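# Reading the structure
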Amino acid sequence: MGLFILKRLGLMLLTMLCLTFIVFWLTNLDAKLETLAKTQGSARMTDTEVQQWIANNGYDGSMIGRYGQWLGIVPGWTKEVRGEERGRCLEQGMTFADAPTYCGILQGDFGYSTVLRDDVSTIIKTRLTLTGKLMFWVMIVMVPMALIVGVLAGMREGSRTDRSLSVFSIVTTATPEYVSGVLFIFAVSAFGIKWLKGSAASAMDGLTFANFTLPVLTMALYGMGYIARMTRASMTEVMTAQYIRTARLKGVSFGNIVMKHALRNALIAPFTVIMLQFPWLLTGVVIVETLFNYKGFGWTLVQGASNNDIELLLSCSIVAVLVVLVTQLISDIGYVFLNPRIRVS
Amino acid sequence: MEPLSTAQIIWSMFIQFMPVWVALIITFAVSITFKRKLGLYGKLFDSPVGMVGLFLVLFWVFTAFLADMIATFHPIEDVISSMRRKAPGTAIPNPDDFGYSYFLLGGDILGRDVFSRMVMGSREVLKIAPAATLFAFMAGIILGLPAGYFAGKLDTILSFIANLVLSFPVILLFFLLVTPEIVNSGIPRYMAGLLFLFPIIFLVILLNSRYYTQPPLRNMLVGTVVVLGGWVYLGLAWDADPLGMITMQGNQLIVFISVVFVNSPTVFRIVRGMVLDIQTRDYVAAAQTRGEGPWYIMLWEILPNARGPLLVDFCLRIGYTTILLGTLGFFGLGVSPESSDWGSTINAGKGQISFAAHIAVPPAIALMTLVLGLNLLADGLREESLKD
Amino acid sequence: MPQREPYDGPILEIEDLSISFFTRLREIPAVMDFSCRVMPGEAMGLVGESGCGKSTVALGVMQDLGVNGRIVGGSIKFKGQDLGQMTLEQLSKIRGSEIAMIYQEPMASLNPAMKIGKQLMEVPMIHEGVSEDEAYRRALEVVEDVKLPDPARMLNSYPHQLSGGQQQRIVIAMALMANPSLLILDEPTTALDVTVEAAVVELVKDLGKKYGTSMLFISHNLGLVLETCDRICVMYSGEAVETGSIEDVFDQMQHPYTQALFRSIPLPGADKNARPLIAIPGNFPLPHERPNGCNFGPRCDYFEAGRCDAGDIKMHEVQGVERHKTRCLRFEEIDWDAPLELAETKTKGEIGDVVLKMDNLKKYYEVAASALFGGGNKKVVKANETLSFEARESETLAIVGESGCGKSTFAKVLMGLETATEGSITLDNKSIGNTPIENRDTKTVADVQMVFQNPFDTLNPSMTVGSQIIRALEIFKVGKNTDERRQRMLELLDLVKLPRAFADRMPRQLSGGQKQRVGIARAFAGDARIVVADEPVSALDVSVQAAVTDLLMEIQRKNKTTLLFISHDLSIVRYLSDRVMVMYLGHVVELGTTEQVFQPPYHPYTEALLSAVPIADTSVEKKHVVLEGDIPSAMNPPSGCPFQTRCGWKDKVAGGLCEKEVPPVRILAEGHQVKCHLSDAELAAMEPVIKIAAE
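Residues numbered from 1 in each chain as written. Chains lettered and ligands numbered in written order. Predicted model: local features only at pLDDT ≥ 70, side-chain atom pairs only at ≥ 80, totals over all residues. Heavy atoms only, no water.

The next subject is the domain arrangement of chain B. Residue and element names in this part refer to chain B. Taken as a whole, chain B is organised into domain 1 (6-127 + 335-385) and domain 2 (129-317). Contacts between the two partners involve 11 residues from domain 1 and, on the opposite side, nine residues from domain 2. Buried surface at the junction of domain 1 and domain 2, summed over both partners, amounts to about 860 Å²; 68% is from carbon and sulfur atoms. Here domain 1 and domain 2 share zero salt bridges between them. At the boundary of domain 1 and domain 2, one finds one residue pair in polar contact (both at pLDDT 80 or more). Those elements that place two or more of their residues in the side of domain 1 that touches domain 2 are helix H6 (114-150) and helix H18 (361-386). Looking at which element gives the most residues to the side of domain 1 that touches domain 2, the answer is H18, with six residues. Of the residues assigned to the side of domain 1 that touches domain 2, the class counts are seven nonpolar, two polar and two charged. (Domains from an automatic or database assignment. Contact = heavy atoms within 4.5 Å. Buried area = accessible area lost by both parts, 1.4 Å probe. Salt bridge = Lys/Arg side-chain N within 4 Å of Asp/Glu carboxyl O. Polar contact = N/O pair within 3.5 Å; in protein donor to acceptor, adjacent residues only side chain to side chain. Helix = DSSP H or I, 4+ residues; strand = E, 2+ residues; numbered from the N terminus. Nonpolar A, V, L, I, M, F, W, Y, C, P; charged D, E, K, R; others polar.)

Following this line, the structure appears as structure tokens:
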């Protein structure tokens, strides 16, 4: 087991390196850097001024080298511009002498956001907390609801409960967040519902039922249908299994068949699905935060991406990829524990 | 003129959709009559869920085809500034200049007809979603088959790449990839150059593995594929069609590519899993023992028997692709600001929902019904294909 | 154990039972007008081919027919109470306590995520409300009763940690937990290997006697029913056609189907040339295509038009015999003792030169020890160990063995799907052992072909029958153009006695036997000279088996094919093979002509195999050799002789030699070799396993 986790961690590290490099490469294309120069400097800069700006801010030099600097395995760039000592690792007013040689993520330095004008690590911390709250509530609503709907539907295949719950799940999977969000806000304003708000901006200061219900519901609904359908499929399969028939013919009551015999077997597949749902929830987060004006991680990502804020984007992608990989790992390990048939020797 | 009442609006829209109704009635009448002879498609008509799904999907397919007959105004050019944000059913001030006197679903922020934009939007979606899904399937299949069949190192590498793409947050990829800078840099061309090769490779291998025992026939078929495919390929990927007939815009190309790119790893995984299952069958062993080549076995012995689950996933995936395209539009990525595609119209209307909901709601419902139709269709197909 | 009040009326009484399944299109009658009675302590065998409705009867008794199934007529009474009138609650009380059921797939009938102990303890806890400790104590007791080693550890393990045989014993234990009055066994041993099956059957018999349980034993195997039951009911296409005591039905059958069934199975004495089997013509009717009148009419030798197809036929009492009934109008007119009209005897094909020669063939695999996480340590599986034999033209060489014996690996190496680790295979003086199939020339590939086991898997479901055969012809470069190949394909269909119209059919429109014929046609597309038949009939129904076997023999005689017949069924091996090779865990333990292998001296494993195979003949007396335990895993073979863990003769060899050394190959007679440490004297003193009682 230890070896297995070690192997997975190695693989995760490799994946992270590959992905961050791709992000790095895409954000450091010449054209992107020129756009960055124009948004940071001024839109009217001439081509030479743009090149000048790029050079002065350390965006020249080889891509690999700069990626190494960002990682913290290559010394940060230093440069003298108009008598002022500048460098990757230099804070305002520092000189070469008192700045560290390396300052990358390995040193815990995630860089500086050019658009939000703050340390990336601070931004990520605050924004991620906000999104964490959102995710927490989404999970609290989504997972139990999905499992209950799935189990109820799959318990008796073909029954009326099954049919109506299945249609409900299909409808929710067919309604992406930007559709359901729009419809919810529309409904709230059309029916004059006062106890729900179409914006979650105030939720950043304090969560209330009114300002958080719609964003949570919007996200939870879209994800729910999928998990519910998986659970249903898994449940129906288990309910037709021979061992359920054995249990039935042993005289076990229907309730006990479902609770004691079917449930554990039926939840193995959905567990993996729920875990793999996380990465995909990110898209939802971005949409919902945009739609409901909630300035969390998704909003930050949009800000970073639309302004080509390189270091912010890189950190965002690290977080996103980390979430994906960790959940995958958990899902694999959890699968092993849920399913006694697979045990590590 | 008086604005139309709700009932009048509904009736007028019903009339406008008349060509679609006619087409739907004909299709359903013919299909139900001959349902026993139509195989799996015919069986769909035994399942209420499948029928509803097919109805919704066909509704939008026919709408896309017949959009010119249905739309009452031009979705982009007919701008009437006094009609900005006007409620559904409002009459236009100068009906003589146009063929129709009402904005059935009101006007948008710039004063364009929401109804016509919604109708035309179906074209934008159906132009890309099915084709992009098809390409994703070609790529997924052509990589998934050998990964599952040969296993070993090839599988390890391909699976790693697939997982790499899958762990990449879709939304981030879109934000990074679908930008004017990337389009100008020419990267989409190179990626298209690679991705669009897959269908040609697929067809060539498919035909060669089957007909290599009859060289003349093989040469003819493969030749046709290479010439026709090459022509389309040059036009689509490199914008270098010698006849100048086929071309694809840079920003459309990048949308197409990103969607294919995001979808193909999942298809890859499905195909790989199915190969692992099917290759243990005796008919595969029979093919091996008579000395068939690996590609024949993969494409003619294994693939056709995986078609059921793949078909179901294909339907679901078109729906998913539609959602992805909507997401792109919603963030204003890769589409021109005027575009009438549903995602961008929702985006344009999202700020106005509390006072002019009619701008965002129609495209939202349109998108939802199309995806719902596809999901129901997939469900019906799955149910019916299991009944054999 | 709960003690039940003695009940001396019939335990189970089924009267005029009809069960139908309802689909969207139509009602499909699965069981019609079925009656039977099981007395206390009696074992009733329900025999028939697949689809005859025997399992449906069992599920009907359990009142568990699913959503689509319904009892449309008649009644099922258990100890005088009508099960059909009971509420679900009353039923739950009876299920598991009074009536218990054992199924075909032991693995599937145990909950994979629940420990075995818990699954066993559940039964008394539900039905008698006993405490957990008491339930555990009982579970231990029953597990000991089913002769499982280390009961406490068994109770604490999950189903997947047990072997198939052990799982089936657990299922039996679970059924016995409540000491039921009636035990229903639905093909309980079909999924098991022969030697394991024999042990399980033995166990069921003993326990039945010990607990005095009545049994309803469902099987397709007449031999098995003979060994386990007192009475038998033969079913055909949803109806009981004959019922009576074992002796009456086996020796004085009164229904043409029963007779035809017995004539189509290879009993000792049948011979492929002198006394060939007689296959039942035609096919089993589909439920919605049943003929008017007698269902067996169209396939019956005694069919009389206008009478047999006139209307429903009732069961008739056979005069003078107690409780013997038949569903035949003409049973009194038919001369049941008329000697079998010999179908033409066939001349034996002349055995020719050596075509195929294997010399010291070895095949080892390296596998990762843990499949899921691909751990570093690799294990070597010795799938084939020094295989040497030759096969001649027109000869049938049977390769006999149970799962894990290495017969499939051997076939793979011969076909070129794998290459040999060591040793050589020579085909017509050409070495092919190290040539993978892609490097073999077309002629070699076409010469060595294979017929597969599972008829439902052997044909590509998405291609027509004709095009699959044509494809084989294309690959073997037969015929110059499409027309010629099509012509040849039609001839091949003629060869396997299928109508030419089948060329355009999809495989799913064919029955199992027909698919198998197509498989044979495909194998012979390139005029194969060596055909490996991997259990070609084991998945087919008894009545079809004979026809397919005969077909293979006929083609062999015509084409002088060398047939390598892989099977675990010794009856059929005895019937059709010229020489027999017995394999166990990758080793050839015995090789000789059919007469040599089926007569003593045997290898101890051969002896056990012979004793394990049930024979449907009341005049046969068998020596009982029951093997302990299961077949060891090929990943983890025992030291010394591979068979030593289960061998009953081990103590006859001094010094524990069997555990230390792999026995050498010994030549007992010309062409007869055995791998055993037993002394010549011991071998010579062996008694024959099968004796046919003098009549």
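Additional details are given in the paragraphs that follow.
All right, on to the environment of Val 165 of chain B then. Residues and elements named next belong to chain B. With respect to the helices and strands, the residue Val 165 is situated in helix H7 (residues 152-167). The spatial distance from the C-alpha of Val 165 to the C-alpha of Thr 280 is 29 Å, given a sequence separation of 115 residues. Ignoring sequence-local partners within four residues, the contact set of Val 165 consists of Phe 261 and Pro 265.

A few words on the sheet that holds strand E18 (residues 448-451) of chain C. Residues and elements named next belong to chain C. The eight strands are arranged E18-E19-E20-E15-E21-E22-E25-E24 in an open sheet whose pairing can be described as mixed. Each having just a single partner strand, E18 and strand E24 (665-669) make up the two edges of the open sheet. Averaged over all pairs of adjacent strands, the angle between strand axes in this sheet comes to 20°, irrespective of strand direction. One ladder, built from six bridges, connects strand E21 (residues 579-584) with strand E22 (residues 587-593); its direction is antiparallel. (Pairing = 2+ DSSP bridges. Axes fitted to C-alpha atoms, helices over the stretch in contact; angles between N-to-C directions.)

So, on to the interface of chain B and chain C. Between chain B and chain C, the contact holds 25 residues from the first and 26 residues from the second. Of the roughly 2,100 Å² buried between chain B and chain C on both sides combined, carbon and sulfur atoms contribute 50%. When the area that chain B buries against chain C is broken down by residue, the three leading residues are Asp 282, Thr 289 and Arg 290 of chain B, summing to 33%. In this assembly, chain B and chain C are joined by two salt bridges. In this structure, Arg 471 of chain C and Glu 292 of chain B form a salt bridge, with 2.8 Å as the shortest nitrogen-oxygen distance. For the pair chain B and chain C, the interface holds 14 residue pairs in polar contact (both at pLDDT 80 or more). Mapped by element, the contributors of at least two residues to the side of chain B that touches chain C are helix H11 (197-211), helix H14 (282-289) and helix H15 (294-302) of chain B. Among the elements that take part in the side of chain B that touches chain C, H14 of chain B stands out by supplying six residues, more than any other.

Put simply, an interface is often sized by how much accessible area is lost when its parts join up. All names here are of chain A. On domain assignment, one finds that chain A holds domain 1 (2-107) and domain 2 (120-338). The interface of domain 1 with domain 2 comprises 19 residues on the first partner and 16 residues on the second. Both faces considered, domain 1 and domain 2 share a buried interface measuring about 1,700 Å² in area, 76% of it formed by carbon and sulfur atoms. The tally of links from domain 1 across to domain 2 stands at two residue pairs in polar contact (both at pLDDT 80 or more). Elements that contribute at least two residues to the side of domain 1 that touches domain 2 include exactly helix H1 (2-27) and helix H2 (30-40). In terms of residue count, the dominant contributor to the side of domain 1 that touches domain 2 is H1 (11 residues).

Take the sheet that holds strand E10 (residues 239-245) of chain C next. All names here are of chain C. One open sheet holds the eight strands; their spatial order is E6-E7-E8-E3-E9-E10-E12-E11, and the pairing between them is mixed. Bordering the open sheet on either side are strand E6 (99-102) and strand E11 (316-317), each of which pairs with just one other strand. For strand E3 (residues 43-47) and strand E9 (residues 231-236), the ladder comprises four bridges, and the chain directions are parallel. Bridge pairing links Gly 45 to Ile 232 in E9. The sheet strands contacting helix H1 (residues 54-62) are E3, E6, strand E7 (182-186), strand E8 (214-219) and E9, and the helix crosses E6 at an angle near 145°. Where helix H6 (residues 164-176) meets the sheet, it contacts E6 and E7, and its direction lies at approximately 175° from that of E6.

A few words on the side chain of Ser 12 of chain B. All names here are of chain B. Tracing the chain through its elements places Ser 12 in helix H1 (residues 6-16). Accessibility expressed as a relative area gives 13% for Ser 12, which makes it buried. Dropping the residues within four chain positions of it, Ser 12 is found in contact with Leu 4, Tyr 100 and Leu 104. (Buried < 20%, exposed > 50% of the residue type's maximum accessible area, 1.4 Å probe, protein only.)

Spacing of three or four residues puts side chains on the same side of an α-helix, whose turn is 3.6 residues. Summarising burial for H1 of chain C: eight of the nine residues are buried, a large majority. The positive-phi residue at the C-terminal boundary of H1 of chain C is Gln 63 of chain C, with phi of around 55°.

A separate point is the interface of chain B and chain A. Taken together, the 41 residues of chain B in the interface contact 46 residues of chain A. Together chain B and chain A conceal approximately 3,800 Å² of surface at their shared face, both sides included; 81% is due to carbon and sulfur atoms. Scanning the region where chain B abuts chain A turns up one salt bridge. For Arg 229 of chain A, the salt bridge identified is with Asp 379 of chain B, shortest N-O distance 2.9 Å. Across the contact surface, chain B and chain A share six residue pairs in polar contact (both at pLDDT 80 or more). For the side of chain B that touches chain A, the elements supplying multiple residues, two or more each, are H7, helix H8 (170-177), helix H9 (180-185), helix H16 (307-330) and H18 of chain B. Broken down by element, the residue count for the side of chain B that touches chain A peaks at 12 residues, all from H18 of chain B. Of the residues assigned to the side of chain B that touches chain A, the class counts are 29 nonpolar, seven polar and five charged.

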